[in-house]
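# Structural description and commentary
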Protein chains: 2
Amino acid sequence: MPPNTIPRPTESELSILRILWRRGPSTVREVVGELGADTGYTTALKLLQIMTEKGLVSRDDAERTHIFAPAVPEETTQRQLVTDLLDRAFGGSAQKLVLQALAGRKPSKAEVTELRRLLDSLEGK
Amino acid sequence: MPPNTIPRPTESELSILRILWRRGPSTVREVVGELGADTGYTTALKLLQIMTEKGLVSRDDAERTHIFAPAVPEETTQRQLVTDLLDRAFGGSAQKLVLQALAGRKPSKAEVTELRRLLDSLEGK
DNA sequence: GACAATCTACGAAAGTATTCGTATTAAACG
DNA sequence: CGTTTAATACGAATACTTTCGTAGATTGTC
């Protein structure tokens, strides 16, 4: 049974979650296929087993070949990670984080427009 | 001699860097004083030694009590970390990252204004 | 049915991060 | 001057993460 608090995924676990978010429910082999040649089959399997215990993924073992699906929403995890970084590296200043996230890139006009819209909606509350 | 590429700080290392960025050059004892009671003296010392090898901090050992200073700028490290997270968790979409960073908070009017100014300056280029 | 291929389980090895104990040395104090 | 206090060095213990080898079971194939 998964713990009632879901831990922050490790680096490898996050790589796997990203695949599952994109592909949806997948077999170990399918996940391995997307991980790149540097990750062995049993390694990926073991990680998925650990992630199942942690409650990060769910497993359908009705068939012999198990099928794994993400058990945490992408957005929730993203927020968890960015909030965590916000505290750990930016002293909680979202402003500074946004500044560094956008610095050094040339955001497209569309992106800027979208971000402006985001600010509008935030202010609306 | 420090390596010519400076690695991403670990979690503990980041805690120490944050203290050094805030306090400026500090002794081990001073750092320990701010780390909270859960970190022993020799632990902090060891971390600072490792960080010196990695080039994350510099050490002045002219006196018996050494003085450690950050060797990486706060902003550079922040950008390094946020860029890293951007790639690992957001598929490179700064927009989504900003969205999640601001979601669920009620940013002050001043913050929103500041962010708008940031967007303006980005667009100016 | 026998054999090969494929899958899961699992413990252990390898790698990395953190904590700690102990030795040694230097300063401070009486 | 001798003893206590405070500092660095460093190896080793612990913890966490990732990788791998091997065993056992099931499916597919000839």
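Just so it is clear, the model here is predicted, and its values are computed rather than measured.

Formed by 68 residues in total, the largest nonpolar core has its most connected members in L97 of chain A together with L97 of chain B. Those residues in contact with L97 of chain B that lie beyond four places of it in its chain are V82, L97 and A101 of chain A together with V82, L85, L86 and F90 of chain B.

Around DNA strand D, the structure places 19 residues, and the nearest of them are T10 and S12 of chain A together with R29, Y41 and R59 of chain B. A distance of 2.9 Å is found between a phosphate oxygen of DNA strand D and a side-chain nitrogen or oxygen belonging to S12 of chain A. In this structure, a base nitrogen belonging to DNA strand D sits 3.0 Å away from a side-chain N or O atom of R64 of chain B. The set of elements that each furnish at least two residues to the surface near DNA strand D consists of helix 1 (11–23) and helix 3 (41–54) of chain A together with helix 2 (28–35) and helix 3 (41–54) of chain B. Looking at the surface near DNA strand D element by element, the count peaks at five residues for helix 3 of chain B. By residue class, the composition of the surface near DNA strand D is four nonpolar, eight polar and seven charged.

Between the two copies, chain A and chain B, the superposition gives an RMSD of 0.1 Å; the rotation angle is 179° and the shift along the axis is 0.0 Å. The superposition operator between the copies reduces to a two-fold rotation axis. Across chain A, the rotation axis passes nearest the C-alpha of V98 of chain A, at a separation of 3.0 Å. Mapped onto chain B, 100% of the interface residues of chain A are again interface residues, and the two copies thus contact each other with one and the same surface.

Turning next to the interface of chain A and chain B. Between chain A and chain B, the contact holds 40 residues from the first and 40 residues from the second. When the buried area of chain A at its contact with chain B is split by residue, Q95, Q100 and L119 of chain A rank highest and sum to 14% of it. Linking chain A with chain B are four salt bridges, by the criterion used here. The salt bridge partner of E11 of chain B is R8 of chain A, with a shortest N-O separation of 3.0 Å. At the junction of chain A and chain B, the tally comes to 11 residue pairs in polar contact (both at pLDDT 80 or more). Mapped onto the side of chain A that touches chain B, the elements with two or more residues apiece are helix 1, helix 4 (74–90), helix 5 (94–102) and helix 6 (109–124) of chain A. Across the side of chain A that touches chain B, the residue classes tally to 20 nonpolar, six polar and 14 charged.

Close to DNA strand C lie 19 residues; R29, Y41 and R64 of chain A together with T10 and S12 of chain B are nearest. At the protein interface, 62% of the atoms of DNA strand C within 4 Å belong to sugar or phosphate. Between DNA strand C and R29 of chain A, the relevant distance is 2.5 Å, taken from a phosphate oxygen to a side-chain nitrogen or oxygen of the residue. Between DNA strand C and the protein, one listed contact pairs a phosphate oxygen with a side-chain N or O atom of Y41 of chain A at 2.6 Å. Mapped onto the surface near DNA strand C, the elements with two or more residues apiece are helix 2 (28–35) and helix 3 of chain A together with helix 1 (11–23) and helix 3 of chain B.

Parameters and conventions
Residues numbered from 1 in each chain as written. Chains lettered and ligands numbered in written order. Predicted model: local features only at pLDDT ≥ 70, side-chain atom pairs only at ≥ 80, totals over all residues. Heavy atoms only, no water. Core = buried A, V, L, I, M, F, W, Y, C linked by side-chain atoms within 4.5 Å. Buried < 20%, exposed > 50% of the residue type's maximum accessible area, 1.4 Å probe, protein only. Contact = heavy atoms within 4.5 Å. Near = heavy atom within 4 Å. Polar contact = N/O pair within 3.5 Å; in protein donor to acceptor, adjacent residues only side chain to side chain. Helix = DSSP H or I, 4+ residues; strand = E, 2+ residues; numbered from the N terminus. Nonpolar A, V, L, I, M, F, W, Y, C, P; charged D, E, K, R; others polar. Least-squares fit on C-alpha atoms with pLDDT ≥ 70 in both. Buried area = accessible area lost by both parts, 1.4 Å probe. Salt bridge = Lys/Arg side-chain N within 4 Å of Asp/Glu carboxyl O.

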